[in-house]
Amino acid sequence: MSSEWLEPPDNQHLIEYHGAPKDQDAPGEESKWKRFLKWACPWLREKANLGEDFLAAKVAREQAEALVKLAEASERMANARKTYAEAATIASKLDAAKVETIKQVLKEQPIDVTIQKCQEELEDKIAQARLLYGTRIHQIGEAVPTSPETSDKKKEDPKA
Amino acid sequence: MKFPGLKLDLSIRSQHCLKLAKDHAKQNGRSTVTTADLLFGLMKIGQGMHWLAFEENKINTEELFTDTKALTSDLQIDETAEYSSDLINVFKTAERYSNRRNKTLGISTGHLLVALMHSDVSGLLEKYGLTDQEKIASQVERFLNEPWQTRFSPLRLVIDPGSAPPEVIAGILSDISTLYRLKKGSGITFEVQGVYSLNEVLW
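Residues numbered from 1 in each chain as written. Chains lettered and ligands numbered in written order. Predicted model: local features only at pLDDT ≥ 70, side-chain atom pairs only at ≥ 80, totals over all residues. Heavy atoms only, no water.

(A) Geometry of the overall build of chain B. Scanning chain B for helices and strands turns up 9 helices and 4 strands. Across chain B, helices and strands are ordered from the amino to the carboxyl terminus as β-β-α-α-α-α-α-α-α-α-β-α-β. When the 203 residues of chain B are sorted by exposure, 64% land in the buried category. Within chain B, counting contacts between residues at least 6 apart in sequence, those at least 24 apart form 69% of the total. (Helix = DSSP H or I, 4+ residues; strand = E, 2+ residues; numbered from the N terminus. Buried < 20%, exposed > 50% of the residue type's maximum accessible area, 1.4 Å probe, protein only. Contact = heavy atoms within 4.5 Å.)

(B) Structural context of the overall build of chain A. Per the secondary structure count, chain A includes 4 helices and 2 strands. Counted from the first residue to the last, chain A has its helices and strands arranged as β-α-α-α-α-β. Within chain A, buried positions represent 42% of all 160 residues. Taking as baseline every contact in chain A between residues at least 6 positions apart, the subset at least 24 positions apart corresponds to 82%. Of the roughly 9,200 Å² that chain A leaves accessible, carbon and sulfur atoms contribute 53%. (Areas by Shrake-Rupley, 256 points an atom, 1.4 Å probe, with all protein chains shown as cover.)

(C) Molecular detail of unusual backbone geometry. Residue and element names in this part refer to chain B. A positive phi angle is found at Lys 58, which is not glycine, with a value near 50 degrees. Relative to the helices and strands, Lys 58 resides in the loop between α3 (49–56) and α4 (61–73). Since its relative accessible area comes to 75%, Lys 58 is described here as exposed. In the Ramachandran plot, Lys 184 falls in the positive-phi region, its phi being about 75 degrees despite a non-glycine side chain. Judged by its relative accessible area of 56%, Lys 184 is exposed.

(D) Just the pairing of strand β2 (residues 136–140) of chain A, in detail. Counting buried positions along β2 of chain A gives 5 out of 5 residues, so the element sits mostly inside the fold. Every second residue of β2 of chain A is oriented toward a common face, with Arg 136, His 138 and Ile 140 of chain A on one face and Ile 137 and Gln 139 of chain A on the other, all of them buried.

(E) Structural detail: the packing of helix α1 (residues 12–27) of chain B against helix α2 (residues 35–45) of chain B. Residue and element names in this part refer to chain B. Put simply, α1 and α2 touch, their axes get as near as 7 Å, and they point 120 degrees apart. By the angle between their directions, the pair α1 and α2 is classed as oblique. Seen from above, α1 lies across α2 with right-handed handedness. Counting all contacts with α1, which are made through Arg 13, His 16, Cys 17, Leu 18, Leu 20, Ala 21, His 24 and Ala 25, the residues of α2 involved are Asp 37, Leu 38, Phe 40, Gly 41, Leu 42, Lys 44 and Ile 45. (Axes fitted to C-alpha atoms, helices over the stretch in contact; angles between N-to-C directions. Parallel < 35°, antiparallel > 145°, perpendicular 65-115°, else oblique. Left-handed = near helix turned anticlockwise from the far one by under 90°.)

(F) The side chain of Ser 98 of chain B, seen in detail. In this structure, Ser 98 of chain B sits in helix α5 (residues 85–99). When sequence neighbours within four positions are dropped, the list of residues in contact with Ser 98 of chain B reads Gly 106, Ile 107 and His 111 of chain B.

(G) Structural detail: the packing of α2 of chain B against α3 of chain B. All names here are of chain B. Relative to each other, α2 and α3 sit at 80 degrees, their axes nearing to 9 Å. Between α2 and α3, the angle is such that the two are roughly perpendicular. Across the interface between the two elements, Leu 42, Met 43 and Ile 45 from α2 touch His 50, Trp 51 and Phe 54 from α3. In terms of residue class, the contact of α2 with α3 is built from 5 nonpolar, 1 polar and no charged. (Nonpolar A, V, L, I, M, F, W, Y, C, P; charged D, E, K, R; others polar.)

(H) Broad picture of the nonpolar core. The biggest cluster of nonpolar side chains holds 46 residues, and the ones touching the most others in it are Phe 54, Leu 64, Phe 91, Leu 116, Leu 125, Leu 130 and Ile 136 of chain B. If you tally residues by element for this core, the top one is α2 of chain B, at 7 residues. (Core = buried A, V, L, I, M, F, W, Y, C linked by side-chain atoms within 4.5 Å.)

(I) Layout of α3 of chain B. Among the residues making up α3 of chain B, those that are buried are Met 49, His 50, Trp 51, Ala 53 and Phe 54 of chain B. Where α3 of chain B is buried, its residues contact α2, α4, α6 (109–116) and α8 (133–144) of chain B.

(J) Structural context of α4 of chain B. Residue and element names in this part refer to chain B. Helix length check: α4 (13 residues) gives 18 Å between terminal C-alpha atoms against 18 Å at 1.5 Å per residue, within 8%. When we look at burial in α4, the residues that qualify are Thr 61, Leu 64, Phe 65, Thr 68 and Thr 72. In an axial view of α4, the angular spread of the buried residues amounts to 100 degrees, which keeps them on one side of the axis. Contact partners of the buried residues in α4: α1, α2, α3 and α7 (122–127). (Expected span 1.5 Å × (residues − 1). Arc of directions from axis to C-beta.)

(K) Main features of the packing of aromatic side chains. Under the criterion given, the structure shown has 6 aromatic pairs over all chains. With centroids separated by 6.0 Å and ring planes inclined at 45 degrees, the aromatic side chains of Phe 36 of chain A and Trp 39 of chain A adopt a geometry described as tilted. A residue pair is termed a helical-turn pair when its members lie 3 or 4 positions apart in one helix, as Phe 36 of chain A and Trp 39 of chain A do in helix α1 (residues 29–47) at 3 residues. Relative accessible area serves as the criterion here: at 1%, Phe 36 of chain A is assigned to the buried category. Each member of the aromatic cluster is reached from another via a ring pair, and the members are Trp 33, Phe 36 and Trp 39 of chain A together with Tyr 180 of chain B. Here the guanidinium or amino end of Lys 69 of chain B rests over the ring plane of Phe 65 of chain B, the centre of that ring lying 4.8 Å away. In this arrangement the basic side chain of Lys 183 of chain B is found over the ring face of Trp 39 of chain A, its NZ or CZ atom lying 4.1 Å from the centre. (Phe/Tyr/Trp six-rings, centres within 6.5 Å; stacked < 30°, edge-to-face > 60°. Lys NZ or Arg CZ within 6 Å of the ring centre and 35° of its normal.)

(L) Examining the pattern of salt bridges more closely. For the coordinates displayed, the defined rule picks out 11 salt bridges over all chains. Note that Asp 95 of chain A and Arg 181 of chain B form a salt bridge whose closest N and O atoms lie 2.7 Å from each other. Placement of Asp 95 of chain A in helix α3 (residues 67–108) and of Arg 181 of chain B in helix α9 (residues 166–182) is noted, with the two residues assigned to different chains. Taking relative accessible area as the criterion, Asp 95 of chain A reaches 0% and is therefore assigned buried. Notably, a salt bridge pairs Asp 37 of chain B with Arg 30 of chain B, separated by 2.6 Å at the nearest N-O pair. Like Arg 30 of chain B, Asp 37 of chain B is buried. Each member of the salt-bridge network shares a partner with another, and the members are Lys 22 and Asp 95 of chain A together with Arg 181 of chain B. (Salt bridge = Lys/Arg side-chain N within 4 Å of Asp/Glu carboxyl O.)

Listed below in structure tokens is the structure:
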């Protein structure tokens, strides 16, 4: 599958994003989240995979021996972080703006159909970004959380 | 990550540190990766939970890095295994610290730093003021419990954006969040957790 991808341009950065539920105190959120990860992670993995590239990636400082170069590398890393942190902010605004639209759509079509369409749209976006920009996405880590099960009613003791 | 008798759940950044350590040992003509090499990896990566501890304790990281490089270049090892016995003990200790918390982010670089303070490179770390393991362990726990860290196992994505502007990445992240809403969830907040270079040389 990776042979289909465009070669990334020089000076490319990999951005690691972590996503977590917006409202973590909502009733049943923890079990909903676990079910979502179990459902979505295999699907995301199937759609794109950076795999070996990511594990083989070098950190920017690796080649930096002189402090000037180190500073330059740090600056590039900081700029990349700033740019793609902005992506997370924009995503949050887009998501908030879609809440009402989703409610309207759900009045007109069954949820299964809506989910299917949303999946297809996302799949198209991933494919389009790959073709136009060489973008690659990889879902990492466990698809099913390995932590001891905690019910939604029982809050975790951080000192446990 | 396979170690004799151990199945370690290293965070992505910890895996990077170990890779840097392995590469460094190889560059110095050694087949055995040591605790000093791991410390080198932690210094080289320059970000993460251990780095927050360095910053909080005002550690002179440039000098510590220089001393670490000197230590690893002079190292004489009698062992022939892939990992020194001290390093394996470090991972066992780091795992114990990691297991204190009921989360699934894996063994962080902060846990590795605390474990190294129990190892044969503790003398070097003490020279720079890293003497109190429990204090550093507490700090690492605090960093790991910062608001963006959650009791929820995160959805972890690594994105090579290519030449895509942030808006394109935002569209993809937003769609993932929408999917979660359609599954009756509250939506997803994404945060940048790390930035890595895909190339060996950036300039």
